[in-house]
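# A closer look at the structure
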Amino acid sequence: MQKKAGPWFYVFLVGFVFVVMFPFLWMLASSIKPMTELFGGRAFTPYTTNPTFKNYVSVFFDYPFLRYLWNSTVIATITTIYTILVASFAAYAIARLNFKGKAIILGIVLSVSMFPQIATISPIYIILKNLGLTNSYLGLIIPYTTITLPLSIWILVTFFRKIPFDLEEAAKIDGASLMQTYWKVILPLAVPGIFTTAILVFIAAWNEFLFALTINTSNAYKTVPVGIALFQGQFTIPWGEISAATVVVTVPLVIMVLIFQRRIVSGLTSGSVKE
Amino acid sequence: MDPVRSSVKETPSEIKMKTSKKKRVLTKDHMLAIGFLTPSLILIAVFVYGFIGWTGYVSVSNWNSLVPDFSFAGFENYVYLFQDFRFQADLRNTLFFTIMFILAVIVVGILLAIMLDQKIRQESLFRNIFFFPMALSFVVTGVVWQWLLNPSTGVNLFLSKIGLDSKWYTDTTIIPGVEWGKIEFGIPVALIAVVIAAVWQMTGFSVAMYLAGLRGIPEEVREAARMDGASEFQVYWKVILPLLRPITVSVVIIMAHISLKIFDLIYAMTGPGANYVTDVPGVYMYETTFRGNYYANGAAIAIIMLLSVAIFIVPYLISSRKGES
């Protein structure tokens, strides 16, 4: 029998937990410090005796941070819905239908999901500019296809493959058309997989930076990552506000990871870990 | 066609019925497959392969101003880059960043995964905590670590209190700094800060991968090794680690492609740095294209990045295809 882990293991693990959590706790501590305690003698003191929410108020009322949150939400949501719709058809075809050249198509999809997006940024920028789509929601939703579509096809294929083939056979025998089989038999069973993929697509679109930085430059259409990266003004870096802003965007993600950790991991590692 | 089926005696009409039925299903599958795949394939063909082709075309053109100029320049832009101080520094930085980043992610990932695999209490809580930086964007990671390593406010104050160097984060020293081309070759000290931030963010992924791999190794394998008199260390070093090799390959590929195309983290954390000690091709490409309007130079950088990623991905894809068939 395997030995149970001793107390040293826990000491070590808790040490690692501290290392992982430390940057976040540091940010949290900085975000409630008054300006005067961020620098100078009290900069290294982890706590403050005069906690303040001024930085949070400032983030939401002095900066267009709410606008950025709204923009990110709209762009990531629409990207997720339309990508999943298009990708689920493609993934179904690759996973369940008989035709030649599947492996090649899957190879093309996987290689696309790993290529550097920077190799497409100039033409995308120029075309969007000529179409008048820079500084618009569509201007980011369209290019996000290059990131999210291959990613979701790849993950969905592994999920679709796990659904037993007998069900399709049974539906066929009952006289269902292929389209009916897809909508009424396969899709309901694939819901957990589709949901997982949707979470990953949403996170990818929410966090995307290069396209967002290049294409949507006006404050009205900036997304959260761009807003945070460009918080620093010309002469001063408002660290209190930046800390508050990072806490605001981190908390929902932490909650999401706590709830969906198993799904996210299974989605990310699917295809790369053979079960 | 199908040896098992053809060996069974069937009446000709039965055979005819079966084959015709099979054919009909196949064509229906084919048509549906085409219908299902077309939207995705068109999007990928235009937005990815088409635009990469465009970038490749621009990279051999003379377009280095605001006005598009598609006249053929040969490999002039590439030659220029490889003789350029900044690009040489970028290549050095990418090389050492990639090596340090991948090694650290693998070593820490294996160690933590082995520890989590010891039937510990609260395992899922630990896993969640190790995993959560993965969900953050590189921009947030960069900003957080910039603040954390800031020489005048962050943890480096602690270093200066005990009499150590607190300014390493903005140091331009390169170790060992051998002259090579136009640059000093070696590990830039400031780059280590970026590696730490990247490892902090990505280790959760390798922990998850290795944990899945460890769970896939049956307990009997370990038992057998112990029966043969192997120490606990030997069991892991000689038996478990070799069995985890496929996972290591996946982790290396995934981390390598992240590291070779890294942009957000550097942009948000350090920028190019003095003497370009923390610059990477991605940042150079962005600045030269969208700040300087050197479209052809930028395109050449993008193509070099693409090729460097392809060196990792293409063999991986070919070998995993072989594994499947």
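Residues numbered from 1 in each chain as written. Chains lettered and ligands numbered in written order. Predicted model: local features only at pLDDT ≥ 70, side-chain atom pairs only at ≥ 80, totals over all residues. Heavy atoms only, no water.

This part takes up the overall build of chain A. Counting secondary structure elements, chain A contains twelve helices and zero strands. Counting helices and strands in the order they occur from the N terminus, chain A gives α-α-α-α-α-α-α-α-α-α-α-α. Taking all 275 residues of chain A together, the buried fraction comes to 56%. Contacts spanning at least 24 positions in sequence make up 74% of the contacts within chain A whose residues lie at least 6 apart. For chain A, the accessible area works out to roughly 12300 Å², and carbon and sulfur atoms hold 70% of it. The averaged location of the 9 negative side-chain charges in chain A is 5 Å from the averaged location of its 18 positive side-chain charges. (Helix = DSSP H or I, 4+ residues; strand = E, 2+ residues; numbered from the N terminus. Buried < 20%, exposed > 50% of the residue type's maximum accessible area, 1.4 Å probe, protein only. Contact = heavy atoms within 4.5 Å. Areas by Shrake-Rupley, 256 points an atom, 1.4 Å probe, with all protein chains shown as cover. Lys, Arg positive; Asp, Glu negative; His and termini not counted. Charge placed at Lys NZ, Arg CZ, Asp CG, Glu CD.)

On the side of chain B, 91 residues touch chain A, which itself brings 98 residues to the contact. Buried surface at the junction of chain A and chain B, summed over both partners, amounts to about 8600 Å²; 78% is from carbon and sulfur atoms. Between chain A and chain B we count zero salt bridges in total. Summed over the shared surface of chain A and chain B, the number is eight residue pairs in polar contact (both at pLDDT 80 or more). For the side of chain A that touches chain B, the residue count by class is 73 nonpolar, 20 polar and five charged. (Buried area = accessible area lost by both parts, 1.4 Å probe. Salt bridge = Lys/Arg side-chain N within 4 Å of Asp/Glu carboxyl O. Polar contact = N/O pair within 3.5 Å; in protein donor to acceptor, adjacent residues only side chain to side chain. Nonpolar A, V, L, I, M, F, W, Y, C, P; charged D, E, K, R; others polar.)

Attention now moves to the packing of helix α9 (residues 178-207) of chain A against helix α12 (residues 239-269) of chain A. Residues and elements named next belong to chain A. Running from amino to carboxyl end, α9 crosses α12 at an angle of 120°, the nearest separation of the two axes being 9 Å. Here α9 is positioned oblique relative to α12, judged by the angle of their axes. Of the two elements, α9 crosses α12, and the hand of that crossing is left-handed. Counting all contacts with α9, which are made through Pro192, Phe195, Thr196, Ile199, Leu200, Phe202, Ile203 and Asn207, the residues of α12 involved are Leu253, Met256, Phe260, Arg263, Ile264, Ser266, Gly267 and Leu268. (Axes fitted to C-alpha atoms, helices over the stretch in contact; angles between N-to-C directions. Parallel < 35°, antiparallel > 145°, perpendicular 65-115°, else oblique. Left-handed = near helix turned anticlockwise from the far one by under 90°.)

Residues and elements named next belong to chain B. Looking at chain direction, strand β1 (residues 174-180) and strand β2 (residues 183-188) are connected through six bridges and run antiparallel. By the bridge assignment, Glu179 is partnered in β2 with Glu184. Linking β1 to β2, which pair antiparallel, is a turn of two residues; within it Gly181 sits at a positive phi near 65°. (Pairing = 2+ DSSP bridges.)

Residue and element names in this part refer to chain B. According to UniProt, the positions carrying the feature "transmembrane region" (unreviewed entry) are residues 31-52, 95-116, 128-148, 189-214, 235-260 and 294-318. Structurally, residues 31-52 is divided into 100% helix and 0% strand, and its ends, taken at the C-alpha atoms, are 29 Å apart. Between the end C-alpha atoms of residues 95-116 the distance is 31 Å, and the span holds 100% helix and 0% strand. (UniProt positions renumbered as here; feature names shortened; annotations may be inferred.)

Mean pLDDT over chain A works out to 85, with 93% of the residues at or above the 70 mark. Within chain A, the lowest mean pLDDT, 77, falls on helix α2 (residues 35-38) of chain A, and the highest, 94, falls on helix α10 (residues 210-215) of chain A. (pLDDT = per-residue confidence, 0-100.)

On to the pattern of salt bridges. Residues and elements named next belong to chain B. All chains considered together, the criterion is met by eleven salt bridges over all chains. Residue Arg222 pairs with Asp117 through a salt bridge whose shortest N-O separation is 3.4 Å. With Arg222 in helix α9 (residues 219-227) and Asp117 in the loop between α4 (85-116) and α5 (123-131), this pair connects stretches of sequence that are 105 residues apart. Each member of the pair, Arg222 as well as Asp117, carries the same accessibility label: buried.

The biggest cluster of nonpolar side chains holds 194 residues, and the ones touching the most others in it are Phe65, Ile153, Phe160 and Ile228 of chain A together with Phe101 and Met255 of chain B. No other element matches helix α8 (residues 189-215) of chain B, which puts 17 residues into this core. Sequence-distant contacts of Ile153 of chain A, defined by excluding residues within four places in its chain, comprise Ala87, Ala90, Ala91, Ile94 and Val109 of chain A together with Ser40 and Ile44 of chain B. (Core = buried A, V, L, I, M, F, W, Y, C linked by side-chain atoms within 4.5 Å.)

Turning our attention to the side chain of Asn207 of chain A. Inspection of the secondary structure assignment puts Asn207 of chain A in helix α9. Ignoring sequence-local partners within four residues, the contact set of Asn207 of chain A consists of Pro225 and Leu253 of chain A together with Ala135, Leu136 and Ser137 of chain B.

With that out of the way, let us pick up unusual backbone geometry. For the peptide bond that leads from Ile175 of chain B to Pro176 of chain B, omega is 0°, which places it in the cis range. Turning to its location among the elements, Pro176 of chain B is positioned in strand β1. For Asn135 of chain A, which is not glycine, the phi dihedral falls at a positive 55°. Note that Asn135 of chain A resides in the loop between α6 (118-130) and α7 (137-162).

Here we take up the environment of Val60 of chain B. All names here are of chain B. Mapped onto the elements, Val60 comes out in the loop between α2 (12-59) and α3 (76-82). Along the primary structure Val60 and Phe72 are separated by twelve residues, whereas in three dimensions their C-alpha atoms are 6.0 Å apart. In this structure, Val60 is in contact with Ser71, Phe72, Ala73, Gly74, Phe75, Asn77 and Tyr78, ignoring residues within four places of it in sequence.

The next point concerns the UniProt feature "transmembrane region" (unreviewed entry) in chain A. All names here are of chain A. With numbering matched to this structure, UniProt assigns "transmembrane region" (unreviewed entry) to residues 7-29, 68-92, 104-128, 140-160, 181-206 and 242-260. With 100% helix and 0% strand, the stretch residues 140-160 has end C-alpha atoms that lie 29 Å from each other. Between the C-alpha atoms that bound residues 242-260 the distance is 27 Å, and the span itself is 100% helix and 0% strand.

A separate point is the packing of aromatic side chains. This structure, assessed with the given rule, holds 47 aromatic pairs over all chains. Measuring from ring centre to ring centre gives 5.7 Å for Tyr182 of chain A and Trp183 of chain A, while their planes differ by 65°; the resulting arrangement is edge-to-face. Pairing Trp54 of chain B with Phe70 of chain B gives two aromatic rings, centres 6.3 Å apart and planes at 80°, and the pair type is edge-to-face. Taken together, the residues Trp54 of chain B in helix α2 and Phe70 of chain B in the loop between α2 and α3 connect sequence positions 16 residues apart. Within the aromatic cluster, the residues linked to one another by ring pairs are Tyr125 and Phe209 of chain A together with Trp54, Tyr57, Trp63, Phe70, Phe263, Tyr267, Tyr286, Phe290 and Tyr295 of chain B. Taking NZ or CZ as reference, Arg96 of chain A lies 4.0 Å from the ring centre of Phe165 of chain A, over its face. (Phe/Tyr/Trp six-rings, centres within 6.5 Å; stacked < 30°, edge-to-face > 60°. Lys NZ or Arg CZ within 6 Å of the ring centre and 35° of its normal.)

Our focus in this paragraph is a nonpolar patch on the surface. Taken together, the side chains of Val251, Ile255, Leu258 and Ile259 of chain A make up a nonpolar region of the molecular surface, amounting to roughly 360 Å² of accessible area. Take Val251 of chain A: its relative accessible area is 35%, and that puts it in the partly exposed class. (Patch = residues over 30% accessible without salt bridge, like charges linked within 9 Å, V, L, I, M, F, W, Y side chains within 5 Å.)

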